[in-house]
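For reference, the chains in residue letters:
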Amino acid sequence: MESTKIKRNLIFGFSSEILAILLGIVVPKLTLTSYGSEINGLLSSVTQIYSYITLLEAGIGTATLQALYKTLGKKDVAKTNAVLAATNKYYHRTGALYLVAIILFSIIYPVCVKSDIPVATIVLVIILNGIGSVINFFFQGKYMLLLQAEGKNYIQSSLTMVVNLLKNLTKIVLMAKGMDVVAVQMVAVAVSLIQMIYISWYIHRYYKWIDLSVQPDLMAISQSKNVMIHQICGLVLNNTDTLILTIVCGLKTVSVYSMYTLLFSMISMALNTISNSVVYYISQVFHTDRMLYKKLIDSFEVCYMAIVFSLYSVANFFILPFMKLYTSGVTDINYIDEKLPLMFIMMYLLNCGRKSSMITIDTAGHFKLTQNRAVFEAMINLAVSLFAVRYIGIYGVLLGTIVALFYRTNDMILYANKKILNRPPWIVYRRWAVDVVLFVCITMINRWIPLRLDSFQRIFVWCIPYTVVVIVVYFGIAFLFDRKNVKNVLNLLKKMLH
């Protein structure tokens, strides 16, 4: 049963991500060429600022997931309903607060940011980008968490795939016809309502046992305030770069940053699909069989890190040729910079590579015990970024994130292994050392590969065999150093294929 869920999660998850990547390449390119770097920078800036406003959720989502992993793992329907009732109560309050925040944001932002874009356009873009979250809090948020905790990510993935296809095809048609950015955003919001309607129907048909009128178990999600602190720190770490660049360097520099983030984050999204496909099962096992959990998390870490390093090794080779083609015709700012790819890759490797330690800390519910460490990470990021951005611009904010991530990734590895799993962390550091050395070797070898990558067709044709070779190399080395864990994953894949 679990292997079937994992298989469906992977199939639908990757299908959704592949579609998202293809559309994510086409639509921003059209946005950039149709509206210019300033509108593109506006959209990126608004999106990032909304990530701060999501703090109103106060960590309820993460706290709910951890509570549901426990109740579902023990098959306790009564307690599951109590957790959902508590989440529903909080989400209704959050939806109302979020609506107020949208209105305030739409008033304050046009006053604070210098731009030639009409104020009315900025206000409408802000409102249209935020209204979907209000709908989510009131109607479907709690149900999405339940499906995720049960390992039914494939429901959401398949639905997201359909909605994204409709939404982005509509955007493409409207931009091709010369419609303004407000009309494009308005139609996208209308299409997104399909997701709310379908989720409501699915829950009422297949989860008749859900009863939100029961006494809410507020204690089950009582750590939401501690989770909120972690979320604030995470937002500072992942999103202050755009805000700082908006204020210090301007929207055109934000557009450059957002283009690289767009392409590299596509890999991060694919990696999240992999982790989200299995994390529900690993987290449920934590509460019932700790020895099995250690085996599962080790097997996950070995293969996940091999995939992380493989995909970013590939990105390191193809990113600049792709960016040259992608931004051709855009002359209001230079998007090609040989220093940026490596800095972005260092940032994403540190962020993605600590996934297994993060899963262990979150599943154990050590939010309060680790919140000060997360705060220190955020402080490092802000201090270094604010100091360095005035001297080295966009490199400064990346440097701040890298320094902060280096500290916290090491801290997570030490904490998860020593405090929770009660074992030395050296086995994890050995995995990191092997993958880092391999990444450096592949990067050096790349300089001697004489490929002409002067068209999207050539990049696509060469990317496939290159990716296959790199993945085989990383997994081959992983097999040499962690044979048992790689075999465990291979056995799971065999079950899913039968």
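Before reading further, recall that the structure is shown in the block above.
Residues numbered from 1 in each chain as written. Predicted model: local features only at pLDDT ≥ 70, side-chain atom pairs only at ≥ 80, totals over all residues. Heavy atoms only, no water.

1. Points about the overall build of the chain
Formally: For the purposes of this entry, the term helix denotes a DSSP run of H or I that reaches at least four residues, the term strand denotes a run of E that reaches at least two, and both are numbered from the N terminus. Based on C-alpha atoms, the radius of gyration is set beside the globule rule, defined as 2.2 Å times the residue count to the power 0.38. Burial status follows relative accessibility: with a 1.4 Å probe on protein chains alone, a residue under 20% of its type maximum counts as buried, one over 50% as exposed, and anything between as partly exposed. Residues count as neighbours in contact if any of their non-hydrogen atoms are within 4.5 Å of one another. What sets the accessible areas is the Shrake-Rupley method with a 1.4 Å probe; for residues, cover comes only from the shown protein chains. The positive count covers Lys and Arg only, the negative count covers Asp and Glu only, and His and the chain ends enter neither. Throughout, a charge is located at the NZ atom of Lys, the CZ atom of Arg, the CG atom of Asp or the CD atom of Glu.
Within the chain, the secondary structure is distributed over 17 helices and zero strands. In summary, the chain has a C-alpha radius of gyration of 23 Å against a globular reference of 23 Å for 498 residues, a match within 12%. Each of the three principal axes of the chain carries a C-alpha extent, and together these read 60 × 55 × 45 Å. Here the chain holds 498 residues, and 54% of them are scored as buried. Sequence separation of 24 or more characterises 85% of the internal contacts of the chain that already satisfy a separation of 6 or more. Here the chain has roughly 22900 Å² of accessible surface; of this, 68% comes from carbon and sulfur atoms. Within the chain, the 23 negative side-chain charges are centred at a point lying 6 Å from the centre of the 44 positive side-chain charges.

2. A look at empty space enclosed by the protein
Basically, it comes down to this: A cavity here means a set of points on a 1 Å grid, drawn over the protein atoms and nothing else, where a 1.4 Å probe fits but cannot get out; a pocket is an open set with protein on both sides within 12 Å along at least five of seven lines, and a residue lines either one if it has an atom within 4 Å of a point. Grid points are joined across faces, edges and corners, and a volume is the space filled by probe spheres set on the points. Polar here means any residue outside two lists: the nonpolar Ala, Val, Leu, Ile, Met, Phe, Trp, Tyr, Cys and Pro, and the charged Asp, Glu, Lys and Arg; Gly therefore counts as polar.
Across all of its chains, the model carries three cavities of 30 Å³ or more by this definition. Elements supplying a minimum of two residues to the lining of the second largest cavity: helix H10 (290–326), helix H15 (426–446) and helix H16 (456–481). Of the residues contributing to the lining of the second largest cavity, the split by class is eight nonpolar, no polar and four charged.

3. As for the side chain of Asn316
You can see Asn316 is positioned in helix H10. Among the residues examined, Asn316 registers a relative accessible area of 18% and is labelled buried.

4. Observations concerning the packing of aromatic side chains
Test applied: Geometry of aromatic contacts follows a simple scheme: Phe, Tyr and Trp rings, the Trp one being its six-membered ring, pair when their centres are within 6.5 Å, and the pair is stacked under 30 degrees between planes, edge-to-face over 60, tilted otherwise.
This model, assessed by the stated rule, comprises 29 aromatic pairs. Ring geometry for Tyr312 against Tyr348: centres 5.7 Å apart, planes inclined by 20°, an arrangement best described as stacked. With a gap of 36 residues between them, Tyr312 in helix H10 and Tyr348 in helix H11 (residues 339–352) connect regions that are remote in the sequence. The class of Tyr348 is buried, set by a relative accessible area of 10%. With centroids separated by 5.1 Å and ring planes inclined at 85°, the aromatic side chains of Phe376 and Tyr407 adopt a geometry described as edge-to-face.

5. Description of the nonpolar core
The line we're drawing: For our purposes a nonpolar core is just a set of buried Ala, Val, Leu, Ile, Met, Phe, Trp, Tyr and Cys residues, chained together by side-chain atoms within 4.5 Å.
Within the largest apolar cluster, 132 residues are counted, with the highest numbers of intra-cluster contacts made by Tyr109, Tyr260, Phe264, Tyr312 and Phe344. Ignoring sequence-local partners within four residues, the contact set of Tyr109 consists of Leu42, Ser45, Ile49, Ile122, Ile126 and Leu251.

6. Focus on the environment of Leu369
The topology assignment puts Leu369 in helix H13 (residues 367–392). With 143 residues separating them in the primary sequence, Leu369 and Asn226 have C-alpha atoms 8.9 Å apart.

7. Quick notes on the layout of surface pockets
Considered as a void within the structure, the second largest pocket measures approximately 460 Å³ in volume. Those elements that provide at least two residues to the lining of the second largest pocket are H10, H11 and H15. Considering each element in turn, the lining of the second largest pocket owes the most residues, five residues, to H10. Looking at the lining of the second largest pocket residue by residue, the classes come out as nine nonpolar, three polar and two charged.

8. Observations regarding the pattern of salt bridges
As a reminder, the rule being used: A carboxyl oxygen of Asp or Glu within 4 Å of a side-chain nitrogen of Lys or Arg is what we treat as a salt bridge.
A full pass over the atoms with the stated rule returns 11 salt bridges. The residue Glu301 makes a salt bridge to Arg431 at a minimum N-O spacing of 2.4 Å. Pair noted here: Glu301 is in helix H10 and Arg431 is in helix H15, with a separation of 130 residues, a long-range link. In this pair, the class of Glu301 matches that of Arg431, namely buried. The shortest N-O distance in the salt bridge between Arg408 and Asp411 comes to 2.5 Å. Linking Arg408 with Asp411, this pair stays in helix H14 (residues 394–420), spanning three residues, or about one helical turn. An identical accessibility class is assigned to Arg408 and Asp411; each is buried. Taken together, the salt bridges that share partners define one network made up of Asp298, Glu301, Arg423, Arg430, Arg431 and Asp482.

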